[in-house]
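# Architecture and fold: a report
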Amino acid sequence: MKKKPVSIKEQECSLRVKNFGEVVGGYTEQEALEEAARCIQCKDPRCISGCPVGINIKEFIKCITQKDYAKAYYTIREKNNFPSMCGRVCPAEYQCRRACVFTKKGEPFASAEAINIHFLERFVGDYGRENGLDVKVATDDKWSKFKVAVVGSGPAGLCCAGELARKGVKVTVFEGLHKTGGVLRYGIPPFRLPRNILDFEIDSLKKLGVEIKTDYIIGKVKSIDDLFSEGYNAIFLGLGAGIPSFLGIPGENLCNVYSANEFLTRVNLMQAHEFPEYHTPVNIGKHMIIIGGGNTAMDSARVAIRLQNMKGITPDTTISYRRTEVEMPARRLEIEHAKEEGVKFDTLVKPEEFIGDEKGFVKKMRCSRCELGEPDSSGRRRPVVIPGSSFEVDCDIAIIAIGLGANKILTSTTPNLETDKYNDVKVNFDTMETSIKGVFAGGDIVGGEGTVIDAMGMAKKASVSIFDYLLSL
Ligand code: FAD
Ligand code: SF4
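Since the model is a prediction, treat every value here as computed from it, not as a measurement.

## Digging into the site of ligand 1
Not every one of the 34 residues close to ligand 1 is listed here, only the nearest: Val89, Glu175, Arg192, Ile218 and Asp444. Interatomic distance of 3.0 Å between a backbone N/O atom of Gly176 and a nitrogen atom of ligand 1. Residue Asp444 places a main-chain N or O atom 2.9 Å away from an oxygen atom belonging to ligand 1. Within the complex, 96% of the 1000 Å² of free accessible area of ligand 1 lies under protein. For the shell around ligand 1, the elements supplying multiple residues, two or more each, are α9 (155-166), α14 (295-310) and α18 (452-472). With 3 residues, α14 is the largest single contributor of residues to the shell around ligand 1. Split by residue class, the shell around ligand 1 holds 17 nonpolar, 13 polar and 4 charged. In terms of domain composition, the shell around ligand 1 takes at least three residues from each of domain 2 (141-242 + 405-472) and domain 3 (246-402).

See below:
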């Protein structure tokens, strides 16, 4: 009889809503062995093609069954320098697990029976971290004469830096913020990605010789031309999509209407929940409404409900979304966790206006009810306002989480760097080369908002082209 998937333990809900500790626990050795034993070692392992960086999933799972965890670790690290991190944040249900033979044909995301590849990856990554396993830099001096600048330290920049440094290329990462990690640090909360894991995996790049310079905005402090003049042979741009979109409705500039980016950055990067020990504050309300249905909205809501609980405010945090739950782009697990933690879901709602008090602070949101119409260009059914359905809800903090776009600091100061109508950097998707010779790009700055592993997949592809380019010099 087919064995059941091994489930994971989670921090008890009544406790976790009052802290920022990790929610999802990892497998024990016994659990990892049991889950790995479910893999049937397919002749044609579809799971591998479902992984944007091509990890040899079948092989690392086999290594687990043989209790050779070090070999499993090195198998993953051949393709991915960040197993502990990806094992925690990758939407495996849409990627490797969806491709697994145990997912029923035609399912939009992985079936429950699909092998829990991400939990196994996390187990192996954590084993490597806890046992001091590390990959070595190649000693072939073919590459050590080259210098490459990487702009941005999100998953794309870090991945590209790691790929190049492993072969011995000298890499410097320039990051605009005072800390590295991009969205991994300022967007994804520590209860999903603990900071010791992130720090460890970024430090593993430093061990490969990667130099990291923070507080360094390329396009302001230095230009692309400056970097070439300083002797960098090639440049990789991993600028991300850091500019929030807004609704464009009346009242959006009232006090306590936050973009999700600002709200999450205040808490995740600047530790506002520990104000005044840390300098940055954040306002918490009695009726917090998050507008959106993606990962950013779920993270904002789960942070908001924690802050209400931690401050002794009766929790009232609502996700307000214009379609239904089915169309929400957030990971299913995040939706489930948000619900368990007490986040309310109000769907088929379109915000029309924020209404303020006499001091200019938001106090209500006026909205309309919607119904689903015909599919739009995204393939999802379009929300259509029901005439005369207007209503008001209490709202003393609103958080807008409806999408992110490209930041123009670098592109606006680099006239020969071609961009598209969304201000994303244009690339040749076969090589990830931009309109400037020797400048490559990847991650959210070329594809719009995506996933960590997609950003890494593009960065990996770019690193292959960078090697070719360096050899052509
Ligand atoms: P980023 O992570 O945005 O990094 C770009 C970096 O470049 C930033 O550090 C920025 O400061 C820096 N930078 C920009 N311009 C300059 C400049 N001119 N000079 C120097 N530095 C510069 N994906 C998942 O797979 N799983 C998840 O669970 C998930 N959750 C998410 C939650 C939130 C709240 C958000 C916002 C996104 C989430 N995503 C998730 C998406 C994922 O995080 C992104 O797709 C990914 O981080 C993109 O990587 P990147 O390297 O392209 O950009
Ligand atoms: Fe194992 Fe699933 Fe990959 Fe087959 S597709 S090798 S069962 S993880």
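## With respect to the domain arrangement of the protein
Taken domain by domain, the protein consists of domain 1 (13-130), domain 2 (141-242 + 405-472) and domain 3 (246-402). Its C-alpha centre places domain 2 at a distance of 31 Å from the equivalent point of domain 3. Contacts between the two partners involve 14 residues from domain 2 and, on the opposite side, 12 residues from domain 3. Together, the buried faces of domain 2 and domain 3 total about 1100 Å²; carbon and sulfur atoms form 55% of this surface. The largest contributions to the domain 2 side of the interface with domain 3 come from Tyr186, Phe191 and Arg192, which together make up 52% of the buried area. A salt bridge links Arg192 to Glu334; the nearest nitrogen and oxygen atoms lie 3.6 Å apart. If you look at where domain 2 meets domain 3, you find 4 residue pairs in polar contact (both at pLDDT 80 or more).

## Quick word on the pairing of strand β2 (residues 170-174)
Burial analysis of β2 places 4 of its 5 residues in the buried class, which makes it a mostly covered element. Here strand β1 (residues 147-151) runs beside β2; their pairing, made up of 5 bridges, is parallel. Bridge assignment links Ala149 to a residue of β2, and that residue is Thr172. The parallel pair β1 and β2 is bridged by α9, and the resulting crossover is right-handed.

## Description of the pairing of strand β11 (residues 362-375)
Remember that side chains alternate between the two faces of the sheet whenever the strand is regular. Of the pairings in the sheet, the one linking strand β10 (residues 349-356) to β11 comprises 7 bridges and is antiparallel in character. Its bridge partner being in β11, Ile355 is matched across the sheet by Lys364. Alignment of β11 against strand β13 (residues 391-394), held across 4 bridges, turns out to be antiparallel. Note that in β13 the partner of Lys364 across the bridge is Asp394. Hairpin connection, β11 to strand β12 (residues 381-385): the antiparallel pair is bridged by 5 residues, and Gly379 has positive phi, about 90 degrees.

## Side note on helix α13 (residues 260-269)
Counting buried positions along α13 gives 7 out of 10 residues, so the element sits mostly inside the fold. The complete set of buried residues in α13 reads Ala260, Asn261, Phe263, Leu264, Val267, Asn268 and Leu269. With its phi angle positive at about 60 degrees, Gln271 sits one or two positions after the end of α13.

## Points about the pattern of salt bridges
Tallied over the full model, the rule gives 33 salt bridges. As a salt-bridge pair, Glu353 and Arg366 come within 3.1 Å of each other at their nearest N and O atoms. Within this pair, whereas Glu353 is found in strand β10, its partner Arg366 is found in strand β11, the two being separated by 13 residues in sequence. When its relative accessible area of 26% is taken as the criterion, Arg366 is described as partly exposed.

## Topic: the site of ligand 2
Lining the immediate environment of ligand 2, one finds Cys39, Ile40, Cys42, Cys47, Cys100, Val101, Phe102, Ile115 and Ile117. Taken together, the residues that form the shell around ligand 2 break down as 9 nonpolar, no polar and no charged.

## Some details on the packing of α13 against α14
Axes are the key here: two packed helices are described by the angle between their axes and the distance separating the axes. In the contact formed by α13 and α14, the axes pass within 10 Å of each other and the chain directions differ by 50 degrees. It follows that α13 is oblique to α14 by the angle criterion. For α13 against α14, the interelement crossing comes out left-handed. On α14, the residues touching Ala260, Phe263, Leu264, Val267 and Asn268 of α13 are Thr296, Asp299, Ser300, Val303, Ala304 and Leu307.

## Observations concerning the environment of Gly292
For Gly292, the position within the fold is in the loop between β7 (288-291) and α14. Taking C-alpha positions, Gly292 is 9.4 Å from Arg323, a pair spaced 31 residues apart along the chain. Here Gly292 is in contact with Ala297, Ile319, Ser320, Tyr321, Ala401 and Ile402, once residues within four sequence places are set aside.

## Thoughts on helix α5 (residues 69-77)
Taken residue by residue, α5 has Tyr69, Ala72, Tyr73, Thr75, Ile76 and Arg77 as its buried positions. Buried residues belonging to α5 abut α2 (29-37), α4 (57-65), α6 (83-89), α8 (117-130), α9 and α11 (195-207).

## Topic: the nonpolar core
In summary, soluble globular proteins display a tendency toward joint burial of nonpolar side chains. If you look at the biggest cluster of nonpolar residues, it comprises 127 residues, and the most contacted ones within it are Phe60, Ile64 and Phe263. Looking at this core, the element that brings in the most residues is α18, giving 11 residues. Beyond its immediate stretch of four places on either side in the chain, Ile64 contacts Ala32, Leu33, Ala36, Tyr69, Ala72, Leu120 and Val124. If you look at the next biggest cluster of nonpolar residues, it comprises 13 residues, including Leu254, Val257, Val349 and Phe354.

## Quick notes on the environment of Asn253
Its location among the elements puts Asn253 in the loop between β5 (243-244) and β6 (257-259). A residue is classified by how much of its surface remains accessible, and Asn253, at 73% relative accessible area, is exposed. Separated by 110 residues in sequence, Asn253 and Trp143 have C-alpha atoms that sit 52 Å apart.

Reading the values: the criteria
Residues numbered from 1 in each chain as written. Chains lettered and ligands numbered in written order. Predicted model: local features only at pLDDT ≥ 70, side-chain atom pairs only at ≥ 80, totals over all residues. Heavy atoms only, no water. Near = heavy atom within 4 Å. Polar contact = N/O pair within 3.5 Å; in protein donor to acceptor, adjacent residues only side chain to side chain. Areas by Shrake-Rupley, 256 points an atom, 1.4 Å probe, with all protein chains shown as cover. Helix = DSSP H or I, 4+ residues; strand = E, 2+ residues; numbered from the N terminus. Nonpolar A, V, L, I, M, F, W, Y, C, P; charged D, E, K, R; others polar. Domains from an automatic or database assignment. Contact = heavy atoms within 4.5 Å. Buried area = accessible area lost by both parts, 1.4 Å probe. Salt bridge = Lys/Arg side-chain N within 4 Å of Asp/Glu carboxyl O. Buried < 20%, exposed > 50% of the residue type's maximum accessible area, 1.4 Å probe, protein only. Pairing = 2+ DSSP bridges. Right-handed = clockwise from strand over helix to strand, strands pointing away. Axes fitted to C-alpha atoms, helices over the stretch in contact; angles between N-to-C directions. Parallel < 35°, antiparallel > 145°, perpendicular 65-115°, else oblique. Left-handed = near helix turned anticlockwise from the far one by under 90°. Core = buried A, V, L, I, M, F, W, Y, C linked by side-chain atoms within 4.5 Å.

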